[in-house]
Amino acid sequence: MLVITPHITLADDEIKLTAIRAQGAGGQNVNKLSSAIHLRFDINASSLPELFKQRLLSRQDHRINNMGIIIIKAQQYRTQEKNRADALERLKQIIKSVTISQKARRATSPSKNAKKKRTDNKTQRGQLKRLRGKLTE
């Protein structure tokens, strides 16, 4: 059971974990042991609320494929247990990111003081640039 928030949990059978051999340098350990973890999570078949499913599917994330499956490959650590925990944590972060709704943006205008500061600054810059020119006699 993976707990995302106090209200959202995922059952173990919704997440498919597969042990694979890690890529890259690492000597004999990499060649012999399957320490990397390949995590697959089907968004459409999950028990997540419909709103979160839609938000996940609309995200522009390279880990979410066209079929709506999140694929995470964890191979940072030498042990399978640490890589499994890392993959589950990354899945948790992806799902947690869509549970937070953005605050509505309100249009504001600059204050009188801010406008005055901006125009004064522009005047000063203009004077400085004028002084850089050739002196006329």
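Analysis parameters
- Residues numbered from 1 in each chain as written.
- Predicted model: local features only at pLDDT ≥ 70, side-chain atom pairs only at ≥ 80, totals over all residues.
- Heavy atoms only, no water.
- Helix = DSSP H or I, 4+ residues; strand = E, 2+ residues; numbered from the N terminus.
- Contact = heavy atoms within 4.5 Å.
- Salt bridge = Lys/Arg side-chain N within 4 Å of Asp/Glu carboxyl O.
- Buried < 20%, exposed > 50% of the residue type's maximum accessible area, 1.4 Å probe, protein only.
- pLDDT = per-residue confidence, 0-100.
- Core = buried A, V, L, I, M, F, W, Y, C linked by side-chain atoms within 4.5 Å.
- Arc of directions from axis to C-beta.

A. Inspection of the environment of Phe41 at higher detail. For Phe41, the position within the fold is in strand E4 (residues 36-42). Taking the C-alpha atoms as reference points, Phe41 and Asp13, 28 residues apart in sequence, are found 9.7 Å from one another. Apart from residues no more than four positions distant in its own chain, Phe41 is found in contact with Leu10, Glu14, Ile15, Ser46, Leu48, Gly68, Ile69, Ile70, Leu91 and Ile95.

B. Highlighting the pattern of salt bridges. Across all of its chains, the model carries 4 salt bridges by this definition. A salt bridge links Asp61 to Arg63; its shortest N-O distance comes to 2.9 Å. For Asp61, a relative accessible area of 11% puts it in the buried group. For Arg63, a relative accessible area of 24% puts it in the partly exposed group. Close ionic contact of Asp86 with Arg90 constitutes a salt bridge, the shortest N to O distance being 3.3 Å. Taken together, the positions of Asp86 and Arg90, both in helix H3 (residues 80-99) and 4 residues apart, correspond to about one turn of that helix. Overall, Arg90 belongs to the partly exposed group, its relative accessible area being 27%. What you see here is one network of salt bridges that share partners, running through Arg59, Asp61 and Arg63.

C. Local environment of the confidence of the model for the protein chain. Residues of the protein chain with pLDDT of at least 70 account for 95%, and the chain-wide mean is 85. Averaged pLDDT values for the elements of the protein chain fall to 66 in helix H1 (residues 28-32) and rise to 95 in helix H4 (residues 112-132).

D. Focus on the nonpolar core. Counting residues in each nonpolar core, the largest one holds 21 residues, and the members touching the most others are Leu10, Phe41, Leu56, Ile70, Leu91 and Ile95. For this core, the secondary-structure elements that each account for two or more residues are E4, helix H2 (50-58), strand E5 (69-74) and H3. When residues of this core are assigned to their parent elements, the largest contribution, 5 residues, is made by H3.

E. Quick peek at H2. Of all the positions in H2, only Phe52, Lys53 and Leu56 are classed as buried. Considered in projection along H2, the buried side chains sweep an arc of 105° and stay on one side of the axis. Exposed residues on H2 whose side chains face more than 90 degrees from its buried face are Glu50 and Ser58. Buried residues in H2 make contact with E5 and H3.

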